[in-house]
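# Report on the structure
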Amino acid sequence: MKKTFFIIGLLFCFVSFSQQKKIDSLLYNIETAQGDLQKIENLNELARFYLYYSPKKSLKYIDKALLLAEESSSLKGKIISNINLGFYYIRIDQYRDSRTILRKALKSAKGINDLALAGEASYLMARANNGIGRYDFSMNKLIQAETFYDSARYYNYMGRVYETMGDLNDKFGNYELAIKNLQESLELKIKNKDWMELPRTYAYLGNVNLHKGQKRVALNYYKKGLAASEQYHNLNSKAYCLTKIGEFSLAE
């Protein structure tokens, strides 16, 4: 057990060479951005990348983006930054703070008729409500997110919507519907190359099958989630999958 925690600790201390290359590329994009909005978007892209393994570093770039948005009076830049700030609060388990920030971002996104941003704010609000156990509210926000994304023809993150639907249906005990949601999520994430979020769908499929008593199937999905998290440098999901595999081994 101590060895497992030591390994997980090391994962959060070191950044791989390929990760550093990605960071360098994003920093270059920030330096060479044309105009304030593009710089704000690039700052948020780097912040989003850090959210998967170093939330504190992520917050640094979110704050920079928010400051620039205020200075340049960029409402869209402020919305994007606040959506990332809401995601940051989810990552550190401050779900009520996340919901408050995202509610404002959603209102502003609808105000400028940016349906893609409204979809993302709604999706993350669903995650925040899920985190505090408000499952009915969470499902309502997912349905809203699905509608916004569909209206905007923005399908990149639709797999995330069905993933959270699957997790909720798992909590409701609707296991077959949960598996259907998660399989759809898996297909959409692969189709739209949503690689950073792919490991969690595998992990949730593991959870549902574990609840159904399909232990070997569950373990296989946890291992797939671990492999995907290693491939796409999502240390948050890697730690989660390692924990699930460790719990499985202890149970055996």
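The structure reproduced in this document is the subject of the present report. Here the residue numbers are simple positions, counted from 1 along each chain's written sequence. In keeping with the predicted nature of the model, local features appear solely for residues at pLDDT of at least 70, side-chain atom pairs appear and are counted solely at 80 or more, and the whole-chain, interface and lining totals rest on all residues. Calculated side-chain values reflect all of the structure's heavy atoms, with hydrogen atoms and water omitted.

### Considering the overall build of the chain
Quick reminder of the rule: Put simply, DSSP H or I for four residues or longer makes a helix, DSSP E for two residues or longer makes a strand, and each gets a number counted from the N terminus. Only C-alpha atoms enter the radius of gyration; for comparison, a globular chain is expected to reach 2.2 Å times N to the power 0.38, where N is the number of residues. Whether two residues are in contact is decided by their heavy atoms: any pair within 4.5 Å suffices. Computed by Shrake-Rupley with a 1.4 Å probe, the accessible areas treat only the displayed protein chains as cover when residues are assessed. In this tally Asp and Glu are treated as negative and Lys and Arg as positive; neither His nor the chain ends contributes. Taken as the charge location is NZ of Lys, CZ of Arg, CG of Asp or CD of Glu.
Within the chain, the regular secondary structure consists of 13 helices and zero strands. Mapped from its N terminus to its C terminus, the chain presents α and β elements in the order α-α-α-α-α-α-α-α-α-α-α-α-α. Whereas a compact globule of 252 residues would reach a radius of gyration of roughly 18 Å, the chain reaches 18 Å, a difference of no more than 12%. Of the contacts formed within the chain by residues at least 6 apart in sequence, a portion of 58% connects residues at least 24 apart. Entry remark: accessible area of the chain is about 12,800 Å², with carbon and sulfur atoms responsible for 52%. Taken as two groups, the 37 positive and 26 negative side-chain charges of the chain have centres that lie 3 Å from each other.

### Some details on the packing of aromatic side chains
Here is the rule: To pair, rings of Phe, Tyr and Trp, with the six-membered ring standing in for Trp, must have centres within 6.5 Å; the planes then decide the type, stacked if under 30 degrees apart, edge-to-face if over 60, and tilted in the middle. Categorising residues by exposure relies on relative accessible area from a 1.4 Å probe, with only protein chains included: less than 20% of the type maximum marks a residue as buried, more than 50% marks it as exposed, and the intermediate range marks it as partly exposed.
This model, assessed by the stated rule, comprises nine aromatic pairs. With 5.9 Å between their ring centres and 5° between their planes, tyrosine 50 and tyrosine 61 make a pair best called stacked. Taken together, the residues tyrosine 50 in helix H3 (residues 36-50) and tyrosine 61 in helix H4 (residues 55-71) connect sequence positions eleven residues apart. Of the residues examined, tyrosine 61 reaches a relative accessible area of 11% and is grouped as buried. Seen from their ring centres, tryptophan 195 and tyrosine 232 are 5.2 Å apart, and the 10° between their planes marks the pair as stacked. With tryptophan 195 in the loop between helix H10 (175-191) and helix H11 (198-211) and tyrosine 232 in the loop between helix H12 (215-231) and helix H13 (235-251), this residue pair connects regions lying 37 residues apart in the sequence. Residue tryptophan 195 is classed as partly exposed on the basis of its relative accessible area of 27%. Owing to a relative accessible area of 19%, tyrosine 232 belongs among the buried residues under this scheme. An aromatic cluster of three or more residues is present, and its members are Phe49, Tyr50, Tyr53 and Tyr61.

### A closer look at the layout of surface pockets
Definition in use: Two kinds of site are reported from a 1 Å grid over the protein atoms alone, namely cavities, where a 1.4 Å probe fits but cannot get out, and pockets, open sets with protein on both sides within 12 Å along at least five of seven lines, and residues are called lining when an atom falls within 4 Å of a point. Grid points are joined across faces, edges and corners, and a volume is the space filled by probe spheres set on the points.
Counted as a void, the largest pocket has a volume near 830 Å³. Around the largest pocket, the lining is made up of 29 residues, and of these Glu45, Arg48, Glu120, Tyr154 and Tyr157 lie nearest the centre. Within the residue set of the lining of the largest pocket, elements represented by two or more residues are helix H2 (17-31), H3, helix H5 (75-91) and helix H7 (115-131). A per-element tally of the lining of the largest pocket places H3 first, with six residues. Of the pockets and cavities examined, the second largest pocket occupies roughly 560 Å³. Contributing to the lining of the second largest pocket are 18 residues, with Tyr95, Arg127, Arg200, Tyr204 and Tyr240 lying nearest its centre.

### A look at the nonpolar core
The line we're drawing: What makes a nonpolar core is a set of buried Ala, Val, Leu, Ile, Met, Phe, Trp, Tyr and Cys residues whose side-chain atoms join them at distances within 4.5 Å.
Within the largest apolar cluster, 65 residues are counted, with the highest numbers of intra-cluster contacts made by Leu46, Ile83, Tyr123, Leu124, Leu142 and Val161. Setting aside anything within four residues of it in sequence, one finds leucine 124 in contact with Ile83, Phe87, Ile90 and Leu102. Ala203, Ala218, Leu226 and Cys241 belong to the second largest nonpolar core, which has nine residues in total.

### Details of unusual backbone geometry
For lysine 193, which is not a glycine, the phi torsion comes out positive at approximately 55°. If you trace the backbone, lysine 193 turns up in the loop between H10 and H11. Judged by its relative accessible area of 60%, lysine 193 falls in the exposed class. For histidine 233, which is not a glycine, the phi torsion comes out positive at approximately 65°. If you trace the backbone, histidine 233 turns up in the loop between H12 and H13.

In short, geometric facts, not functional conclusions.
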